[in-house]
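As a plain string of letters, each chain reads:
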Amino acid sequence: FFSRVLQIAPQCAPCGVFRMSNLDDGACKQALYQLIVAQLQHDGYASAASAVASATSTLGVDSIKSGDRLLDLVQKAWSFEQVGVDSTGGVLQGLDLEDKSVRPSPIVLQESRVTVSHRKAVKVARFSPDGHFLATGAADGTMRILLSHKLRQGPQLGKENEVGPLARLYEGPLQAINDIAFHPTRPIIFSGSRDGNIRQYEYISGSTKKPSHVYVDTFAIRSIAVHPSGRMLASATDDGSLRLYDLSTQKCYTTHQADEMVSPLNVVCFSVEGKLMGTGGMDGNIKLWDTSSCNFNSTLPGAHGGHEVTSLQFSKGGKYILSSGKDGQTRLWDISNTRQPLKIYTPAIQKTPVPTPTRMISTFSYNEQSVAVIDETQQAVNIIDTPTAALTQKLMGHGGTVRFVACNPTDYSVVTCCDDGMLRSWHQPC
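The rules behind each value
Residues numbered from 1 in each chain as written. Predicted model: local features only at pLDDT ≥ 70, side-chain atom pairs only at ≥ 80, totals over all residues. Heavy atoms only, no water. Pairing = 2+ DSSP bridges. Helix = DSSP H or I, 4+ residues; strand = E, 2+ residues; numbered from the N terminus. Axes fitted to C-alpha atoms, helices over the stretch in contact; angles between N-to-C directions. Core = buried A, V, L, I, M, F, W, Y, C linked by side-chain atoms within 4.5 Å. Buried < 20%, exposed > 50% of the residue type's maximum accessible area, 1.4 Å probe, protein only. Contact = heavy atoms within 4.5 Å. Salt bridge = Lys/Arg side-chain N within 4 Å of Asp/Glu carboxyl O. Polar contact = N/O pair within 3.5 Å; in protein donor to acceptor, adjacent residues only side chain to side chain.

**Here we look at the sheet that holds strand β19 (residues 320-325)**
- In spatial order, the strands read β18-β19-β20-β21; together these four strands make up an open sheet with antiparallel pairing. Bordering the open sheet on either side are β18 (309-314) and β21 (343-345), each of which pairs with just one other strand. Going from strand to strand, the sheet's axes swing by 20° on average, the running direction of each strand aside.

Right, dumping it as structure tokens:
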């Protein structure tokens, strides 16, 4: 991980603070030790700082100049990892509507139909940040973790013995799993369910399929998200409260904004760098929060014409936020100016918005050049070009209402979940 810290240090260190470009490994390590000592001094651990300095022969650290620089670099490194790399190792820069450079032609995806052994409708699917794993949650309270590269192999994925030990089936709550979240840096996954519990599992090293911890709430969990640093878990609940859990102490902190939050929250998410949280509720409002203070940053009132907000996602670059609502529309907003949406993505057959009775879901593709949007009217998922709002492909063939759509964060592949219990994988042809 610290290779990321050393990698980004030259471009974000201010004048007069450690710059690690063109340094060999020994010099980089010495600079790192200086940052550790300075951080310990800054945080009040003088004896620990002295011990580390003595053990590493680190001398002459200016704690006033260095301050909490290490913390700042670690946060930036986590942000760098969250922005991610594609399957070839290239850094993904994220969406920029002002970039007028020539873009590649849209890719037509191929389908692999996959049978997943959930007894009821698959309600949610999430890829791990590195794209290696896919987790699905169902209305029967079960959760399965799959190897994502197996998705291309089609129907045989339903046979657990052909997938390997990482095709784990977790049978937790008796009620539906509404959301799933992967930890950004550790093999930990969380499930939020209608019974009001958030269950934490270790999905690689742990041999047990029982949760390692359960965060208990008295209201149904509608949405969960893990902070990019991996230190905090946020949940959106039926009572309209936004709860934050410290994952190191397992303590819960609840926002008390009764005058502002009077209806259930449907969705919560973090920006890639972790400075902002976004929430969307049944009252039709989108709220942006400052993560450090839990104070409102801004509000988008009636973002979907007063209809419920059901889906929310920040762009990797932090400039935009993508939302969907029960008005049947998906909208792209500029965070710095939320008076009007920049783009509105509506199914091509609709001249006017058609309210949808189910949860409308949308998500960016891995490079954010397209958006995957559920089209309930045709039991399909539309792939839409983000800058032009043009429909490039319609993913058809579902045997019922499409409940969820997820995009792999590292390559051009899409997963759709349906009421018929089928998981369908769509990927770029080889």
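**Focus: the nonpolar core**
- Membership of the largest hydrophobic core comes to 38 residues, with the highest contact counts inside it found for L134, I189 and V381.
- Sort the elements by how many residues they give to this core and strand β26 (residues 402-407) lands first, with five residues.
- With residues near it in sequence (within four places) discarded, L134 still touches A125, R126, F127, R144, I145, L146, L151, F182, V415 and L423.
- The next biggest cluster of nonpolar side chains, apart from the first, holds 13 residues, and it includes L276, I286, A303 and W333.

**Some remarks on the sheet that holds strand β12 (residues 242-246)**
- Here four strands make up an open sheet; going across it, the order is β10-β11-β12-β13 and the pairing antiparallel. Of all strands in the sheet, those with a lone pairing partner are β10 (221-226) and β13 (252-254), marking the two edges. Averaged over neighbouring strand pairs, the angle between their axes works out to 25° when direction is ignored.
- Bridging between strand β11 (residues 232-237) and β12 involves five bridges; their strand directions are antiparallel. Residue pairing for β12: S235 is matched across the bridge by R243.

**Brief notes about the pattern of salt bridges**
- This structure, assessed with the given rule, holds twelve salt bridges.
- Among the ionic pairs, D96 bridges to K319, the shortest N-O distance being 3.1 Å. You can see D96 sitting in the loop between α5 (69-83) and β1 (110-115) and its partner K319 sitting in the loop between β18 and β19, a full 223 residues away along the chain.
- With a shortest N-O distance of 3.8 Å, K287 and D283 are connected by a salt bridge.
- Salt bridges here are not isolated pairs; linked through shared partners, they connect D217, D239 and R243.

**Concerning the pairing of strand β4 (residues 142-147)**
- Among the six residues in β4, six count as buried, and that is most of the element.
- Here β4 shows no split at all, with T142, R144 and L146 on one side and M143, I145 and L147 on the other all buried.
- Where strand β3 (residues 133-138) meets β4, five bridges bridge the pair, whose relative direction is antiparallel. By the bridge assignment, G137 is partnered in β4 with M143.
- Sheet topology note: the β4/strand β5 (residues 168-171) ladder contains four bridges and is antiparallel. Each residue of the ladder has a partner; that of I145, found in β5, is R168.

**Observations regarding the environment of H213**
- Along the chain, H213 turns up in strand β9 (residues 213-216).
- Discounting chain neighbours no more than four positions away, the residues touching H213 are I198, R199, Q200 and Q250.
- A distance of 3.4 Å separates polar atoms of two side chains, one belonging to H213 and the other to Q250.

**Observations concerning the environment of V52**
- Looking at the element boundaries, V52 is found in helix α3 (residues 46-56).
- For V52, a relative accessible area of 24% gives the class partly exposed.
- Sequence-wise, V52 and Y33 are 19 residues apart; in three dimensions their C-alpha atoms are separated by 7.9 Å.
- Residues contacting V52, with those up to four places away along its chain left out, are I36, V37 and L40.

**Concerning unusual backbone geometry**
- Positive phi values are uncommon outside glycine, yet Q250 reaches one of about 65°.
- Given a relative accessible area of 37%, Q250 falls into the partly exposed group.
- The backbone of E368 shows a phi angle near 65°, a positive value even though the residue is not glycine.
- Turning to its location among the elements, E368 is positioned in the loop between β22 (362-364) and β23 (370-375).

**Examining the side chain of T58**
- Residue placement: T58 occurs in the loop between α3 and α4 (63-66).
- A polar contact is formed between the side chain of T58 and the side chain of Q30, at a distance of 3.2 Å.
- Within the local environment of T58, its side chain forms a polar contact with the side chain of T56, the two groups lying 2.7 Å apart.
- Residues within four places of T58 in sequence aside, it is in contact with Q30, Y33, Q34, V37 and A53.

So far we have only geometry, and geometry alone does not tell us how the molecule works.
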